[in-house]
Amino acid sequence: MGPLPRTLELFYDVLSPYSWLCFEVLCRYQKIWNIKLQLQPTLIAGIMKDSGNKPPGLLPRKGQYLKSELSLLKQHFQVPLKFPKDFFSVIIEKGSVSAMRFLTAVKMENPEMLEKVSRELWMRVWSRDQDISEPQSILAAAEKAGLSAEQAQGLMEMISTAEVKKKLKEVTEVACKYGAFGLPVTVAHVDGQTHMLFGSDRMELLAYLLGEKWMGPVPPTLNARL
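Residues numbered from 1 in each chain as written. Predicted model: local features only at pLDDT ≥ 70, side-chain atom pairs only at ≥ 80, totals over all residues. Heavy atoms only, no water.

Engineer: Go over helix H10 (residues 203–210), please, and point to the residues and values.
Structural biologist: Residues of H10 that are buried: Met-203, Leu-206, Ala-207 and Leu-210. For H10, the angular spread of buried residues about the axis comes to 100°, placing them on one side. Looking at H10, the residues exposed on the side facing more than 90 degrees away from the buried face are Glu-204 and Tyr-208. Looking at the buried side of H10, the elements it contacts are strand E1 (6–12), helix H1 (17–29), strand E2 (35–41), strand E3 (185–190) and strand E4 (193–198). (Buried < 20%, exposed > 50% of the residue type's maximum accessible area, 1.4 Å probe, protein only. Helix = DSSP H or I, 4+ residues; strand = E, 2+ residues; numbered from the N terminus. Arc of directions from axis to C-beta. Contact = heavy atoms within 4.5 Å.)

This is the structure in structure tokens:
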């Protein structure tokens, strides 16, 4: 019997494109590394408020860099990123409260579908430039991910409940306690120690902490199937 898998927590928000990159890499490597991946839907607006941070798009130079970098990361990570036409409206004005509450409800009621529903919400906002703030948009993503219309509607009704709101707030607070100032945040629990890593470009360091081999964002064993 081999060693028990190490637990990795990924705190993410579908409003964050870098969260998507980190999410896809960890989902690929959970089939290769000896890890147990725990997805933690988190509200990035709460992280920003608690830490005093601001979205990079609010600074013109950072916003321009973000746009050019994502076009390169799209190729490097093999994730179909596409910058929204109206970035300010999508990211700053509309936000992701409803979407992240919905994902919180998914984790509570249908945890086996969390990966697929999360991915479909990212596909809408960061690939197809579609809305993720309106109920019908979220329902469409949920059904496309494989939930039945009845399941999706039931989860949608949960997002206004105190239970779901409290859970999302609690998870966001946990991320803040770990030291989060943005997303994604990966928390590795290794040999009784906790390591918080920020961003989608700390995977090589994560591999080092885990004693695993880093083979790039698209490992060869996966690349052969793509």
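Engineer: For the pairing of E1, give the residues involved together with the corresponding values.
Structural biologist: Both faces of the sheet carry side chains from a regular strand, because those side chains alternate between them. Of all the seven residues making up E1, six are buried; the element is thus mostly covered by neighbouring parts of the structure. Examined bridge by bridge, E1 and E2 share seven bridges and lie parallel to one another. For Leu-8, the partnering residue across the bridge sits in E2 and is Leu-37. Once the chain exits E1 it traverses H1 before rejoining the sheet at E2, and the crossover so formed is right-handed. Where E1 and E3 come together, five bridges link them in antiparallel fashion. The residue bridging Leu-10 from the neighbouring strand is Thr-186, located in E3. (Pairing = 2+ DSSP bridges. Right-handed = clockwise from strand over helix to strand, strands pointing away.)

Engineer: Can you lay out the packing of aromatic side chains for me, pointing to particular residues and giving the numbers?
Structural biologist: Going through the model one piece at a time under the given rule, you end up with eleven aromatic pairs. For the ring pair Tyr-29 and Trp-214, a centre distance of 5.1 Å and an interplane angle of 20° mean the geometry is stacked. Here Tyr-29 is found in helix H1, whereas its partner Trp-214 is found in the loop between H10 and helix H11 (220–223), with 185 residues between them in sequence. The class of Trp-214 is partly exposed, set by a relative accessible area of 25%. A ring pair is formed by Phe-83 and Trp-126, whose centres lie 5.7 Å apart and whose planes are at 70°; its orientation type is edge-to-face. Within this pair, whereas Phe-83 is found in the loop between helix H3 (60–77) and helix H4 (87–94), its partner Trp-126 is found in helix H6 (residues 114–126), the two being separated by 43 residues in sequence. (Phe/Tyr/Trp six-rings, centres within 6.5 Å; stacked < 30°, edge-to-face > 60°.)

Engineer: Give me the lowdown on the state of the cysteines, citing residues and values where you can.
Structural biologist: According to the stated counting rule, one finds zero disulfides in the structure shown. Cysteine Cys-22 is unpaired, with the sulfur of Cys-27 as its nearest cysteine sulfur at 9.4 Å. Among the cysteines around Cys-176, which has no disulfide bond, Cys-22 carries the closest sulfur, lying 17 Å off. Of the residues examined, Cys-176 reaches a relative accessible area of 18% and is grouped as buried. (Disulfide = S-S within 2.5 Å.)

Engineer: Give a detailed account of the packing of helix H5 (residues 97–109) against H6, specifying residues and quantitative values.
Structural biologist: Each pair of packed helices can be summarised by the angle the axes make with each other and by the distance between the axes. Relative to each other, H5 and H6 sit at 165°, their axes nearing to 9 Å. Compared by their axis directions, H5 and H6 come out roughly antiparallel. Regarding H5 and H6, the two cross each other, and that crossing is right-handed. Note on element contacts: H6 touches H5 through Leu-114, Val-117, Ser-118 and Leu-121, opposite Ala-99, Phe-102, Leu-103, Val-106 and Lys-107. A class-by-class count of the residues in the contact of H5 with H6 yields seven nonpolar, one polar and one charged. (Axes fitted to C-alpha atoms, helices over the stretch in contact; angles between N-to-C directions. Parallel < 35°, antiparallel > 145°, perpendicular 65-115°, else oblique. Left-handed = near helix turned anticlockwise from the far one by under 90°. Nonpolar A, V, L, I, M, F, W, Y, C, P; charged D, E, K, R; others polar.)

Engineer: Account for the nonpolar core, with residues named and values stated.
Structural biologist: Counting residues in hydrophobic clusters, the biggest one holds 74 residues, and the most contacted among them are Phe-102, Val-117, Trp-126 and Leu-206. The greatest single-element share of this core, amounting to nine residues, is contributed by H1. Aside from chain neighbours lying at most four places away, what touches Val-117 is Phe-102, Leu-103, Val-106, Ala-142, Ala-145 and Leu-147. (Core = buried A, V, L, I, M, F, W, Y, C linked by side-chain atoms within 4.5 Å.)

Engineer: I'd love a proper account of unusual backbone geometry, names of residues and values included.
Structural biologist: Residue Leu-183 is joined to Pro-184 through a cis peptide bond whose omega torsion reads 10°. The topology assignment puts Pro-184 in the loop between helix H9 (162–178) and E3. For Gln-78, which is not glycine, the phi dihedral falls at a positive 55°. Summarising the element assignment, Gln-78 is placed in the loop between H3 and H4.

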